[in-house]
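One letter stands for each residue in the lines below.
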Amino acid sequence: MLSEPVDPEWSDASADRLRAIWKGLPGWRYWKAVNNSEVGIWYSLACLFFMLCAGAMALIMRVQLAVPGADIVSADTYNQLYTMHGSAMMFLFAVPMFEAIAILLLPAFLGARDMPFPRLSAYGFWCFAIGGLFVISSPLFGIGPDGGWFMYPPYSTKFGGIGADVWLLGLSFIEVASIAAAVELIVGVLKCRPPGMRVNIMPLYAWYVLVVGAMILFAFPPLIAGDLLFELERALGWPFFDPDRGGDPMLWQHLFWIFGHPEVYIVFLPSIAIAAMVVPTAARQPIVGYSWIVLSAVGTGFISFGLWVHHMFTTGLPNISLGFFSAASEAVVIPTGIQLFAFVATLLVGRVRMSVPMLYIAGSLAIFTAGGLTGVMVALAPFDWQAHDSYFVVAHLHYTLFGGMVFPVMAGVSYFYPFFTKKKMSNTLGRIAFWLTFVGFNVTFLPMHLTGLMGMPRRVFTYLPGLGWDGLNLISTVGAFVMAAGILTFVWDVLRPKGNAPFTERNPWDAGTLEWSHDVPDQAWGVRSIPHVVTRYPIWQQPKIVERMDAGRFYLPDAEEAKRETLVTSILDARPIQVMRVTGPTWKTHLTAAFTGLGFILPTFHIYWPAAFFLLCAGAAVIWWLWTSTTPVPEKDMKDVGLGLKLPVYASGPASAGWWGVWITMLGDMTAFASLVFGMVFFWTASETFITDDTRTVLLPWLSLATLAVGCSWALTVAARETNRRGRGGIAKFCLTGAFVLTIVGAGALAISFWASDLEPTTHSFPAICGAITIWTLAHLGLGLTMQGYGLAGMIFGKLTTRYDADLWNITLFWHFMLVTMAAAAFMIGVFPILAGEV
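From a predicted model like this one, the values you see are computed outputs, not experimental measurements. (Residues numbered from 1 in each chain as written. Predicted model: local features only at pLDDT ≥ 70, side-chain atom pairs only at ≥ 80, totals over all residues. Heavy atoms only, no water.)

> Describe the environment of Ala88, naming the residues involved and giving the relevant values.
Mapping Ala88 onto the fold places it in helix 3 (residues 75-110). Along the chain, Ala88 and Cys47 lie 41 residues apart, while their C-alpha atoms are 9.3 Å from each other. Sequence-distant contacts of Ala88, that is, excluding residues within four places in its chain, are made with Ala54, Phe93 and Ile136. (Helix = DSSP H or I, 4+ residues; strand = E, 2+ residues; numbered from the N terminus. Contact = heavy atoms within 4.5 Å.)

Written out as structure tokens, the structure reads:
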């Protein structure tokens, strides 16, 4: 069937229909776009802007440190600069740049038309842009955070103005965007692969996206939970980190580094993913050791969650902890080394073309290996005690991140630039930029190993002459400006107008993966038809695949109903199971992001009630968005997608992408809740006086009533789904109404159990952590109540029927997690204190 000719008239007409439905909007309406191509480019440019801001801050710091006793900036300004430099590079550049590039590239790698939830991507970007501008501009007004990018208490909880609030609330807002993008990317990899692309042949880039997306999902929530506790202490005086009232600053360090160390690999692995795509193309050879690379990527991600304590070797940990985490820190070298050796092996067996992207990859391997060697040194506790908080660590950190992230990103931009713009970057400027950056980087950071070993501490705004640091600091400053010249040359090459330059050829690097099947000039539809893929390098290994894609010979070559559509396939073997209709341009994402931003930003200035109002507005905007755009009742059940295949246009439960989106989101949510539970157990293990026989607890009868009511609400929600499936809509409405009422009863009883008791959260960490768990559970009951109301309204107004019940499946899935949350909360605040007190 694939070799049969395509009717040229039908091919032209179907192409016109596809072009019409996927085209962008002109003029100011362009900003309504939600396509992965537009959102990905905006995301990338925003990350570039924030990186340049952070780089400018670094140059100011280097000027200040060039000579001893300089007074270019004050100590207070210097503190704000180094805090914002680290925060911006990690939160506004490194992680979001991965997500930006993944949003831009992933559909092309998978031969998909778009990501499964385009508006979620757009909402995430606008949240990121608003939050990023708010945080990065704070030093201009003298209100920037100054406690370091880790914001250790007690300094950050007790001193300073609103800088710590800017950091906590601004970056918490940005973390919403990061998690939204992670959910989008994970579901994209799992459900939007082309037919035939089993998990064992999907591009390595998709594997890395999957691993890193999962890491974001489990690494960011502990920081969000920590931010909640931190802000409760700053705003309400609840003493989570105050030792005088039973708190412990070490809890913040644990929560921060449970996020902070995996983040290093969240930054590193996507860059390795870029190398995994550039290296085979440069070597003109399929990657060597595909399966080993996949296993190593998964292993690196897994092990990275067991290393956080090596940032805390100097805090007085027991020797057994030091030994365990030191060994774990060394163990991560094994999977990392396997990936690097696989790249080297591919280059050895291939015929390498030293293109500009390959030049950056070679530089990356050299610098990252050097950073890895110093990493082995600081993973040993005795050496770490000597080098801790010195410039040696600054050098190690930058060798790791620059080699593991910045150089690969520059390689990726050079490599994929013809894909983004259909034009090429300058080969000459690319090589000049590489050598300036490579040389400048080493001149800047190599001397810092010595300044660190000679005793220069980090985060000092000046130093005395005669300590032996003068010359080394001056060399580092000169190197910083050389490196900046290289980066600016690169940025100029990226941004300079290329209007008169000819279009590049379609596959300029002669690569083997699907992104190079896109049209030149570009078409907004992504691929003309979605191919059937059975190899790892389809352009190399499946003859005529691009020709047949162009002719519309594969799947979804038409848009008869004038809808934006893409295929949904099964998770393991990519069997086509649904035609998914994706959403188009809208202003709703902007409105929702603006309301969410005001809800996060206003509390920074202690404006709480308007903030609560805007958060309610954000919730209302989300409901409007979902009601008008998602899971609409289709005009027909089945659709002919080509090659004799007919698929449903509606799916619910595990067959739908939306169900997986909810499931993955709730995994992250449960991780944040588990972090609060961890906090309570940590207090109990760290202090003998946290719970005593005299400790008072919540009112158990009310807590029991709350648990019972929530359990019954869950049961009725499940019953509503099952009875609705069996066509008994009246009983389903009755069950959901009963569930709605019981949720109100459960939330009320839970609130009474805490606030009517003798617990006073400002007096001690025990009532404070009980209060935090109660607030978390109440907030989720509020969300569950809203979902039940949404489902009930859907049944009444015909949006949710016995056949089209995806919303009810998603609501039930949320309530499974809600039941676990309620049971765990009841145990921790009601039963655990009694058991622990007896112990």
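Moving on, there is more to tell.
> Kindly report on the pairing of strand 2 (residues 576-581), identifying the contributing residues and their values.
Across the 6 residues of strand 2, 5 count as buried, placing the element largely inside the fold. Two strands pair when backbone bridges link them, and strand 1 (residues 565-569) and strand 2 are joined in this way by 5 bridges, in the antiparallel orientation. When the bridges of strand 2 are listed, Val568 appears paired with Gln578. With antiparallel pairing between neighbouring strands as the criterion, strand 1 and strand 2 make up a hairpin whose turn holds 6 residues, including Ala574 at a positive phi of roughly 55°. (Buried < 20%, exposed > 50% of the residue type's maximum accessible area, 1.4 Å probe, protein only. Pairing = 2+ DSSP bridges.)

> Tell me about the pattern of salt bridges, residues and numbers included.
The full count for this structure, using the stated rule, is 19 salt bridges. As a salt-bridge pair, Asp389 and Arg459 come within 2.7 Å of each other at their nearest N and O atoms. Here the residue Asp389 occupies a position in the loop between helix 13 (381-387) and helix 14 (391-421), and Arg459 occupies one in the loop between helix 15 (427-453) and helix 16 (470-495), the gap between them amounting to 70 residues. Overall, the relative accessible area of 24% leaves Arg459 in the partly exposed class. A salt bridge links Arg581 to Glu565, with the nearest nitrogen and oxygen atoms 3.1 Å apart. Of this pair, Arg581 sits in strand 2 while Glu565 sits in strand 1; the two residues are 16 residues apart in sequence, bridging distant segments of the chain. Residue classification places Glu565 among the buried positions, given a relative accessible area of 2%. Here the salt bridges share partners, and the residues they tie into one network are Glu560, Glu561, Glu565, Arg581, Glu635, Lys636 and Lys639. (Salt bridge = Lys/Arg side-chain N within 4 Å of Asp/Glu carboxyl O.)

> Which residues make up unusual backbone geometry, and what values go with them?
That bond from Pro153 to Pro154 is cis: its omega, 10°, falls within 30 degrees of zero. Residue placement: Pro154 occurs in the loop between helix 4 (118-136) and helix 5 (155-158). Here the amide bond leading from Val520 into Pro521 is cis, since omega sits at -5°, within 30 degrees of zero. Although it is not a glycine, Asp389 adopts a positive phi angle of roughly 60°. Classification of Asp389 by relative accessible area gives partly exposed; the value is 31%. At His606, a position not held by glycine, the phi torsion is positive, near 60°. With respect to the element layout, His606 can be found in the loop between helix 19 (588-601) and helix 20 (608-629).

> Help me get a handle on the packing of aromatic side chains, residues and values and all.
Tallied over the full model, the rule gives 72 aromatic pairs. Between Phe125 and Trp126 the ring centres are 4.8 Å apart and the planes differ by 65°, which places this aromatic pair in the edge-to-face class. Between the aromatic rings of Phe256 and Trp257, the centroid separation amounts to 5.0 Å while the plane-to-plane angle is 90°, which identifies the pairing as edge-to-face. The side chain of Lys424 reaches across the aromatic face of Trp509, ending 5.5 Å from its centre. Across the ring face of Trp627, the terminal group of Lys799 is positioned such that the distance to the ring centre comes to 5.9 Å. (Phe/Tyr/Trp six-rings, centres within 6.5 Å; stacked < 30°, edge-to-face > 60°. Lys NZ or Arg CZ within 6 Å of the ring centre and 35° of its normal.)

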